[in-house]
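# Descriptive structure summary
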Amino acid sequence: MSHLRIAVLNAAHQDKNTTRNFRRELDASLAEFDATDGTVPDDFDYDGAVVTGSRSSVYWDDDWMRPVKEWVAEAIDRGIPFLGVCWGHQLLAEVLGGTVDDMGVYEVGYSEIEHTGDSRLFDGIDETFTAFTSHSDAVVDLPSGADPLAKNEYSNHGFRKDRVFGVQFHPEYDSKTARELVHRKDLSEERLESILAEITEENYQQSCEAKLVFDNFLEFVREVQTENVASGAESHDAATRASGSD
């Protein structure tokens, strides 16, 4: 079985942890693009696309975001399945007409999150699960027609609209990534030590259940690919029958 072709729009400002994490978690043929210098694919010849996290805010007027949003919007219109993580979740929501804003508080560390239990993206994941989080922005208004999939006391943590999925938490994080991120943040000494104390092997292993969203997304992409092939075959057969009746 051929590998799926997935475009990864990396918005992490060249953080090598992001490249390593997504390459580990996505069992597919990945084409990675540095979104933060405005680089996007030249075409739409992909089975699916993933948008990563970022230290930027989607509502900033940074030049590099314009081509990214334009490519994402057209790719969605073309029916390409998407998965957004953290900033990517927010970007997809905004492109689809939702609203992203500053929460006024910073959620960071291992958090408990609840999903609704009726989405294929969370197949195999307990309705209350643990995942690493790091964000001060949130999707405050979902796009029209989008279904909320997950939440906690801070914010929405997941949505779906048609072939587009977003998750606010970081299922791709390993312990190294979590520690390095926390050290970069402007936190009080007390909060820094408290969060670092949570980054244990036990908590990491507990959070690994959330990684199933990657497998579930790729399974969805493969189903869409199969549907597209079947639809193309039906169209070809119909055209052949029509030409034969002349």
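It should be emphasised that the depicted structure is a prediction, and the values quoted were computed from it without experimental measurement. All residue numbers refer to positions counted from 1 along the written sequence of the respective chain. Two thresholds apply to this predicted model, a pLDDT of at least 70 for residue-level local features and 80 or more for giving and counting side-chain atom pairs, whereas whole-chain, interface and lining totals are computed over all residues. Calculation of side-chain values draws on the structure's entire complement of heavy atoms; hydrogens and water are dropped beforehand.

What follows deals with helix α3 (residues 87-95). Type-normalised accessible area, obtained with a 1.4 Å probe on protein chains alone, sets the label of each residue: buried when under 20%, exposed when over 50%, and partly exposed for intermediate values. By definition, any uninterrupted DSSP run of H or I lasting at least four residues is a helix, any uninterrupted run of E lasting at least two residues is a strand, and each is numbered from the N terminus. Of all 9 residues that make up α3, 7 are buried, and the element is covered over most of its length. Along α3, the positions that sit buried rather than exposed are W87, G88, H89, Q90, L91, L92 and A93. Two residues or fewer after α3 comes G97, characterised by a positive phi angle close to 105°.

As a further point, take the environment of S188. Along the chain, the position of S188 falls in the loop between α4 (175-184) and α5 (189-198). Accessibility expressed as a relative area gives 44% for S188, which makes it partly exposed. Measuring from C-alpha to C-alpha, the distance between S188 and D137 comes to 20 Å, with 51 residues separating the pair along the chain.

Glancing now at the side chain of T133. Within the fold, T133 resides in strand β6 (residues 128-141). Since its relative accessible area comes to 0%, T133 is described here as buried. We call two residues in contact whenever any of their non-hydrogen atoms come within 4.5 Å of each other. In this view, T133 contacts E107, V108, G109, S111, I113, H157 and F169; residues no more than four positions away in its chain are not counted.

All right, on to the packing of helix α2 (residues 65-77) against α3 then. Two elements in contact, α2 and α3, have axes whose closest approach is 10 Å; the angle formed by their N-to-C orientations is 65°. With respect to α3, the element α2 is oriented roughly perpendicular. As for the relative orientation of α2 and α3, their crossing is right-handed in sense. In this structure, α2 uses M65, V68, K69, V72, A73 and I76 to contact α3, whose residues at the interface are W87, L91, L92, E94 and V95. Residue classes in the contact of α2 with α3 are distributed as 9 nonpolar, no polar and 2 charged. Axis lines are fitted through C-alpha atoms, for helices just across the contact stretch, and the angle between N-to-C directions can take any value from 0 to 180 degrees. Under this scheme an angle from 65 to 115 degrees is roughly perpendicular, one under 35 degrees roughly parallel, and one over 145 degrees roughly antiparallel; angles in between are oblique. The hand of a helix crossing depends on one turn: near helix anticlockwise from the far one by less than a right angle means left-handed, and clockwise means right-handed. Only Asp, Glu, Lys and Arg are considered charged in this grouping, and only Ala, Val, Leu, Ile, Met, Phe, Trp, Tyr, Cys and Pro are considered nonpolar; every other residue, Gly among them, is considered polar.

Here, a salt bridge means any Lys or Arg side-chain nitrogen found within 4 Å of an Asp or Glu carboxyl oxygen. Across all of its chains, the model carries 13 salt bridges by this definition. A salt bridge links D61 to R66; the shortest N-O distance between them is 2.9 Å. For D61, a relative accessible area of 61% gives the class exposed. With a closest N to O distance of 3.0 Å, R78 and E74 form a salt bridge. For R78, a relative accessible area of 53% translates into the label exposed. Among the ionic contacts, a cluster of salt bridges with common partners joins R20, R24, E25, D174 and K211.

Further remarks concern the packing of helix α1 (residues 16-25) against α4. Contact geometry for α1 and α4: axes closest at 10 Å, N-to-C directions at 155°. When the axes of α1 and α4 are compared, the pair comes out roughly antiparallel. Where α1 crosses over α4, the two elements pack in a sense that is left-handed. Residues N17, R20 and N21 of α1 form the contact with α4, whose own contacting residues are K176, T177 and E180.

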